[in-house]
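# Working through the structure, step by step
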Amino acid sequence: MNILIFGPNGSGKGTQGSLAKKKFDLDHIESGAIFRKHIGGGTELGLKAKAFIDKGELVPDDITIPMVLDVLKNSSANGWLLDGFPRSIVQAEKLWDALQKDGVKLDYVIEILLPREVAKARIMGRRLCATDPNHPNNIGIAAIAPDGDKCRVCGGALTARADDQDENAIDKRHNIYYDTKTGTLAAAYFYKDKAAEAGFKYIELNGEGSIDEIKEFLISQLA
Ligand SMILES: [Zn+2]
C-alpha cells in the first residue's frame with residue numbers, strides 16, 4: 001500500500017497520516033527524515049545535498065528525487081506513506097515519472113482541505129500543557145478550547161510555542177502550500193487529475209471537521 005498525503009501546516013496532517021500508517025502498517029516517510037538519512041549517513045547524494053544546504057541554497061530536484069526514491073524503495077514490504085513531498089508541481093511531475101519508470105504503484109492520494117486563514121488560526125491558537133504535551137489545547141478550535149488559561153484536560157499551565165507565533169514563517173510556508181500554479185496545491189491537483197486514469201483513489205478530507213469526524217471518514221475511504 002503506497003500513499004501520498006497533502007495538507008497545509010495546521011491541518012492535522014500528522015494525525016491523519018499516522019492513522020493511515022497504522023491501518024496498513026506502513027513506513028512513514030517524511031521529507032526531513034529523507035534528508036537526515038542521506039546527509040547523516042554521508043551518502044553520495046547526501047554529500048551533494050549538504051553542499052547546497054551549507055551555502056544556504058535549496059537542494060535541486062535532481063538530487064532530492066533520487067534520495068526520495070531510494071528511501072521509498074528501501075521501505076517495508078507493506079509500503080509507505082510519503083508526507084511533505086512533493087512540494088511543487090515540478091517535483092510532482094518528476095516523482096510521477098520516476099514511480100512510473102520503476103513500476104511503483106500508488107494506491108491513495110490524500111488531500112486535507114482547509115482554508116488558509118483557518119490553518120493559520122489553528123497554528124497560532126495551539127497551546128502546550130506544561131504537565132503533558134499530548135493534552136490538546138487550541139484557542140482556535142472550539143472542541144479543544146482551553147479552560148480559561150488552563151489545560152482543558154488537567155488544569156495545567158499553558159504556553160504558546162514561539163514557532164507557532166511566528167507569522168512570517170507561517171505565511172512563508174503557506175505561500176508555498178497554497179500556490180495552485182506551481183506550489184504544493186498544484187502538485188496535489190496534478191495527482192488528482194491522474195487518479196482515474198492511473199487507477200488510484202484521490203481522497204479529499206474536510207479539514208474543518210473534528211479530528212474524530214475526519215478520522216472516521218478517512219477510515220471509510222481506505223478500503
Ligand atoms: Zn494538561
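Residues numbered from 1 in each chain as written. Predicted model: local features only at pLDDT ≥ 70, side-chain atom pairs only at ≥ 80, totals over all residues. Heavy atoms only, no water.

Operational definition: UniProt positions are given in the numbering used here, feature names are shortened, and annotations may be inferred rather than shown by experiment.
In the nomenclature of an unreviewed UniProt entry, the chain corresponds to Adenylate kinase from the organism Desulfobaculum xiamenense. Check the Subunit (unreviewed entry) section of the UniProt entry for the chain; it says "Monomer."

### As for the overall build of the chain
Heads up, the rule is: Secondary structure follows DSSP: runs of H or I at least 4 residues long count as helices, runs of E at least 2 residues long count as strands, and numbering of each begins at the N terminus. Radius of gyration here is computed from C-alpha atoms only, and the compact-globule reference equals 2.2 Å multiplied by the residue count raised to the power 0.38. Note on exposure labels: buried denotes an accessible area under 20% of the residue type's maximum, exposed denotes more than 50%, and partly exposed covers the range between, all computed with a 1.4 Å probe on protein chains only. In these tables, accessible area is a Shrake-Rupley quantity obtained with a 1.4 Å probe, and a residue counts as shielded only by the protein chains included in the view. By the counting rule applied here, Lys and Arg register as positive and Asp and Glu as negative, while His and the ends of each chain are not counted. Charge positions are represented by NZ for Lys, CZ for Arg, CG for Asp and CD for Glu.
Across its full length, the chain carries nine helices and eight strands. For the chain, the C-alpha radius of gyration of 18 Å lies close to 17 Å, the compact-globule estimate for 223 residues. Expressed along its principal axes, the backbone C-alpha trace of the chain runs to roughly 55 × 45 × 35 Å. When each of the 223 residues of the chain is scored for burial, the buried share is 42%. Split by element, the accessible area of the chain, about 11,600 Å² in all, is 51% carbon and sulfur. Looking at the chain, you have 29 positive and 32 negative side-chain charges, and the mean spots of the two groups are 2 Å apart.

### Notes on the coordination of the zinc ion
We apply this condition: Shown as donors are all N, O and S atoms within 2.8 Å of a metal ion, widened to 3.2 Å for Na, K and Ca; because water is not in the atom set, sites may appear incomplete. Square planar and octahedral assignments, for four and six donors respectively, both demand that opposite donors be over 155 degrees apart and that all other angles lie between 65 and 115; tetrahedral needs four donors with all angles between 85 and 135 degrees, and anything else is irregular.
Only Cys129 (SG), His135 (ND1), Cys151 (SG) and Cys154 (SG) from the protein reach the zinc ion as donors, at distances of 2.1 to 2.3 Å. Around the zinc ion sit four donor atoms, and with donor-metal-donor angles ranging over 102 to 115 degrees the site reads as tetrahedral. Along the chain, the residues that donate to the zinc ion are spaced as C-x5-H-x15-C-x2-C. Of the two residues, His135 is situated in the loop between strand E5 (126-129) and strand E6 (137-138) and Cys154 in the loop between E6 and strand E7 (158-159); the sequence distance between them amounts to 19 residues. Using a relative accessible area of 16% as the deciding quantity, one classes His135 as buried.

### Focus: the sheet that holds E6
The cut-off we apply is this: Here a strand pair is declared whenever DSSP counts at least two bridges between the two strands.
The sheet built from three strands is open, its strands ordered E6-E5-E7 with antiparallel pairing. For this open sheet the edge positions go to E6 and E7, each flanked by a neighbour on one side alone.

### Here we look at the packing of aromatic side chains
Our working rule: Note on ring pairs: Phe, Tyr and Trp rings are taken, using the six-membered ring of Trp, and paired if centres are within 6.5 Å. Classes follow the plane angle, with under 30 degrees stacked, over 60 edge-to-face and the rest tilted. Only when the NZ atom of a Lys or the CZ atom of an Arg is both within 6 Å of the ring centre and within 35 degrees of the ring normal do we say a charge sits over the ring.
Under the definition given, this model contains six aromatic pairs. Ring centres of Phe6 and Tyr191 lie 6.4 Å apart, and the angle between their planes is 40 degrees; on these two criteria the pair is classed as tilted. You can see Phe6 sitting in strand E1 (residues 2-6) and its partner Tyr191 sitting in helix H8 (residues 184-198), a full 185 residues away along the chain. Like Phe6, the residue Tyr191 is buried in the burial classification. Measuring from centroid to centroid gives 5.3 Å for Tyr177 and Tyr178, while their planes differ by 80 degrees, and the two rings are edge-to-face. An aromatic cluster is defined as three or more aromatic residues linked by ring pairs; in this entry it consists of Phe6, Trp96, Phe190, Tyr191 and Phe200. One Lys or Arg, Lys55, reaches over the ring of Phe52 and ends 5.0 Å from the middle of that ring.

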